[in-house]
Number of protein chains: 2
Amino acid sequence: MSDAALHHAAAPDAAMEPKTLVEGAYRRLRRNIVEGVHPPGEKLRVEHLKEQYDVGAGTLREALQLLVTDALVVAQGQRGFRVAPISLKDFEDITRTRVLIETEALRQSIALGDDDWEGRVLAAFHRLSRAEERLDDEASAREDWEERNRVFHEVLISACPSRWIQHFQQILYRQSERYRRLSLFRNPIPRDVHAEHQLLCDATVARDSDAACKVLTEHILRTLDAVRHMPTEFLNAAENGSKVRPA
Amino acid sequence: MSDAALHHAAAPDAAMEPKTLVEGAYRRLRRNIVEGVHPPGEKLRVEHLKEQYDVGAGTLREALQLLVTDALVVAQGQRGFRVAPISLKDFEDITRTRVLIETEALRQSIALGDDDWEGRVLAAFHRLSRAEERLDDEASAREDWEERNRVFHEVLISACPSRWIQHFQQILYRQSERYRRLSLFRNPIPRDVHAEHQLLCDATVARDSDAACKVLTEHILRTLDAVRHMPTEFLNAAENGSKVRPA
DNA sequence: AAATATAAAAATCTCGAGAAAAAGTATTGA
DNA sequence: TCAATACTTTTTCTCGAGATTTTTATATTT
């Protein structure tokens, strides 16, 4: 019963059906923010969004409050809600913290994972590889790849017994995904991720913690460069989706 | 502007006045849960709590949703809210994750802190020491000590530039405080914390990262023993504040 | 007596309307 | 032309009431 504290309505990503309208709106909103449908800094007016998401005003407010603690939405005093702004500094922070959390998780996972876990790692890698092959052909492959990439990273650390580390990993992954989607908006496939995933998968199954963490660290840090070399308009334009008053 | 994402309605602890009824109810609820006024597992019925906190049902629900993502409250499908249950396993997880986060934060703080930060560390330590002296005499000293202990730990890592690490530290500290309050319910002053704080303060100001982190790790881990040696009734009784149906 | 089924009660979830605050617009005066 | 003020519109915040669902209590059957 110990992990029940983290298996709350906010955590479950896939699988489970939303049991309430609040939870449903929360997930759709979260997805749309991560995918950039609601760009950073955009004002989230309840009156407009209630039609778009087909729920009442109160329900929508509850969903927004859930996103506030996830740091995907900011609530400003009595001036409504807004999609959390982005900045290079913030992404550097997210990335470095992610390295700290995710390498520790991987280390524990490698130390404690059983054969079944190894199998799941290989399976997730295989599914990801297949999606990578299809990336150039089909248009819908991008969504598949995003999903399978997330699952691959989650499965890697799934043998880590710490619910809290997994919780934080999910939050940070979602945050960084928001930045990656922006940087990938133009450049379709940025770099040779397949080779990195291959190395990561091999080292993990070989139970070589140091090597696996080294690869994972470089893998995560490389996305930082992608955002660094992103045209500055993205970051600046995104900071004020609506007017931001001078305070 | 990067840290705006974490300076949302959920983060600010002291200082700022609550700008909305939701935020006010959120803070009072959080405090009462951490302090054990609402014991772990207790059913949080909106109809009853709206009178106690003097707000409408919708407002209270929004405050509860904020606590959900903080993992202090769990929302169960369509069966209302409940104070997050506790368990020894969960506390072990919290403690170990806290060591990971807080030592990294301290390391960065020592590496980057300026003279002003050193001064704040010494000041916080002094205030804490004074409160410790008064612990046996006055009855209200307990609350003072709790507050100053929290501030001391926060100031220690305040020079860490990562907003995310500080955010996670706050969440975990709050969680562990919940357990400590329970274990301190009977035994008034458990151990010689003053000497530990002294060592921690000295090593930090001396810029000895390894020594400071070592002391901090032992300091945090020691609270684990306090809970381990807690009468089991606490943990079990707390798990079902109201009836927990067998699923 | 135990177990199932039915009915009553309580609580949750949801929506819409009214008060308070903020933002925007027009007017007035220098 | 610009700044300040007053007014209007929009938006947020809050509360109370109705529809579902869960829970409890009662009655019936094996």
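So, how was this worked out
- Residues numbered from 1 in each chain as written.
- Chains lettered and ligands numbered in written order.
- Predicted model: local features only at pLDDT ≥ 70, side-chain atom pairs only at ≥ 80, totals over all residues.
- Heavy atoms only, no water.
- Helix = DSSP H or I, 4+ residues; strand = E, 2+ residues; numbered from the N terminus.
- Buried < 20%, exposed > 50% of the residue type's maximum accessible area, 1.4 Å probe, protein only.
- Contact = heavy atoms within 4.5 Å.
- Areas by Shrake-Rupley, 256 points an atom, 1.4 Å probe, with all protein chains shown as cover.
- Axes fitted to C-alpha atoms, helices over the stretch in contact; angles between N-to-C directions.
- Parallel < 35°, antiparallel > 145°, perpendicular 65-115°, else oblique.
- Left-handed = near helix turned anticlockwise from the far one by under 90°.
- Nonpolar A, V, L, I, M, F, W, Y, C, P; charged D, E, K, R; others polar.
- Expected span 1.5 Å × (residues − 1).
- Pairing = 2+ DSSP bridges.
- Core = buried A, V, L, I, M, F, W, Y, C linked by side-chain atoms within 4.5 Å.
- pLDDT = per-residue confidence, 0-100.
- Polar contact = N/O pair within 3.5 Å; in protein donor to acceptor, adjacent residues only side chain to side chain.
- Near = heavy atom within 4 Å.
- Arc of directions from axis to C-beta.

Digging into the overall build of chain A
For step 1, the next point in the chain: The number of helices and strands found in chain A is 10 helices and 3 strands.
For step 2, the next point in the chain: From first element to last, N terminus to C terminus, chain A shows the α and β order α-β-α-α-β-β-α-α-α-α-α-α-α.
For step 3, the next point in the chain: Within chain A, the fraction of its 247 residues that count as buried is 54%.
For step 4, the next point in the chain: Residue pairs at least 24 apart in sequence account for 74% of intrachain contacts in chain A once pairs closer than 6 positions are excluded.
For step 5, the next point in the chain: Total accessible area computed for chain A in this model is approximately 11,200 Å², and 51% of it derives from carbon and sulfur atoms.

Some details on the packing of helix α4 (residues 88-112) of chain A against helix α7 (residues 163-183) of chain A
Two quantities define a packed helix pair, namely the angle between the helix axes and the distance between the axes.
Residues and elements named next belong to chain A.
For step 1, the next point in the chain: Between α4 and α7, the least distance of the axes is 9 Å, while the angle of their chain directions is 140°. Compared by their axis directions, α4 and α7 come out oblique. Here α4 and α7 pass one another in a crossing that is left-handed. On the side of α4, the interface is formed by Asp90, Phe91, Ile94, Thr97, Arg98, Ile101, Glu102, Glu104, Ala105 and Gln108, while α7 contributes Ile165, Phe168, Gln169, Leu172, Tyr173, Gln175, Ser176 and Tyr179.
For step 2, the next point in the chain: When the residues that make up the contact of α4 with α7 are grouped by side-chain class, the tally is 9 nonpolar, 5 polar and 4 charged.

A short note on helix α6 (residues 141-156) of chain B
Residue and element names in this part refer to chain B.
For step 1, the next point in the chain: End to end, α6 covers 22 Å across 16 residues, agreeing with the expected 22 Å (1.5 Å per residue, within 8%).
For step 2, the next point in the chain: All of the buried residues in α6 are Ala141, Trp145, Glu146, Arg148, Asn149, Arg150, Phe152, His153, Val155 and Leu156.
For step 3, the next point in the chain: In this structure, the buried side of α6 is in contact with α4 (88-112), α5 (115-133), α7 (163-183), α8 (193-205) and α9 (209-228).

Let's talk about the sheet that holds strand β2 (residues 73-75) of chain A
Residue and element names in this part refer to chain A.
For step 1, the next point in the chain: Strand order in the open sheet formed by 3 strands is β1-β3-β2, with antiparallel pairing between adjacent strands. The outermost strands of the open sheet, each flanked by one partner alone, are β1 (43-44) and β2.
For step 2, the next point in the chain: Pairing of β1 with strand β3 (residues 81-83), which is carried by 2 bridges, proceeds in the antiparallel orientation. Of the residues in β3, the one forming a bridge with Lys43 is Arg82.

Some details on the nonpolar core
Inside soluble globular proteins, nonpolar side chains tend to come together where they are buried.
For step 1, the next point in the chain: Counting 86 residues, the largest nonpolar core has Leu106 and Phe152 of chain A together with Leu106 and Phe152 of chain B as the members making the most contacts within it.
For step 2, the next point in the chain: The residues contacting Phe152 of chain A, other than those within four sequence positions of it, are Val121, Ala124, Phe125, Leu128, His197, Leu200 and Cys201 of chain A.
For step 3, the next point in the chain: By size, the runner-up hydrophobic cluster in this structure holds 43 residues, among which are Val68 of chain A together with Tyr26, Leu44 and Val46 of chain B.

Comments concerning the confidence of the model for chain A
Residue and element names in this part refer to chain A.
For step 1, the next point in the chain: For chain A, the mean per-residue pLDDT works out to 84, and 83% of the residues sit at or above 70.
For step 2, the next point in the chain: This stretch, residues 1-14, has a pLDDT under 50; its non-local contacts, to residues over four places away or in other chains, come to 42 contacts.
For step 3, the next point in the chain: The low-confidence segment residues 237-247 (pLDDT under 50) makes 20 contacts with residues lying over four places distant or belonging to another chain.

A short note on the side chain of Ser87 of chain B
Residues and elements named next belong to chain B.
For step 1, the next point in the chain: Following the sequence through the fold, Ser87 ends up in the loop between β3 (81-83) and α4.
For step 2, the next point in the chain: With a relative accessible area of 9%, Ser87 lands in the buried category.
For step 3, the next point in the chain: Reaching out from Ser87, the side chain makes a polar contact with the backbone nitrogen of Asp90 at a distance of 3.1 Å.

Describing the sheet that holds β3 of chain B
For step 1, the next point in the chain: The 3 strands lie next to each other as β1-β3-β2 (chain B), forming an open sheet whose pairing is antiparallel. Either end of the sheet is taken by a strand with one partner, and the two such strands are β1 (43-44) and β2 (73-75) of chain B.

Quick look at the protein's contact with DNA strand C
For step 1, the next point in the chain: The environment of DNA strand C is formed by 21 residues, the closest being Thr20, Leu21, Gly56 and Thr59 of chain A together with Arg61 of chain B.
For step 2, the next point in the chain: A share of 94% of the atoms of DNA strand C within 4 Å of the protein falls on sugar and phosphate groups.
For step 3, the next point in the chain: For DNA strand C, a phosphate oxygen lies 2.4 Å from a polar atom in the side chain of Arg61 of chain B.
For step 4, the next point in the chain: If you list the elements that add at least two residues to the surface near DNA strand C, you get α1 (21-34) of chain A together with β1 and α2 (46-53) of chain B.
For step 5, the next point in the chain: Looking at the surface near DNA strand C element by element, the count peaks at 3 residues for α2 of chain B.

As for α2 of chain B
Residue and element names in this part refer to chain B.
For step 1, the next point in the chain: Restricting attention to buried positions, one finds in α2 the residues Val46, Leu49 and Tyr53. For α2, the buried positions fall inside an angular range of 65° around the axis, keeping them on one side. Facing away from the buried surface of α2 by more than 90 degrees, the exposed residues are Glu47, His48 and Glu51.
For step 2, the next point in the chain: Looking one or two residues past α2, Asp54 carries a phi angle of roughly 60°, positive in sign.

Some remarks on the side chain of Glu102 of chain B
For step 1, the next point in the chain: If you trace the backbone, Glu102 of chain B turns up in helix α4.
For step 2, the next point in the chain: Residues in contact with Glu102 of chain B, not counting those within four places in the same chain, are His153, Ile157, Gln169, Leu216 and Ile220 of chain B.

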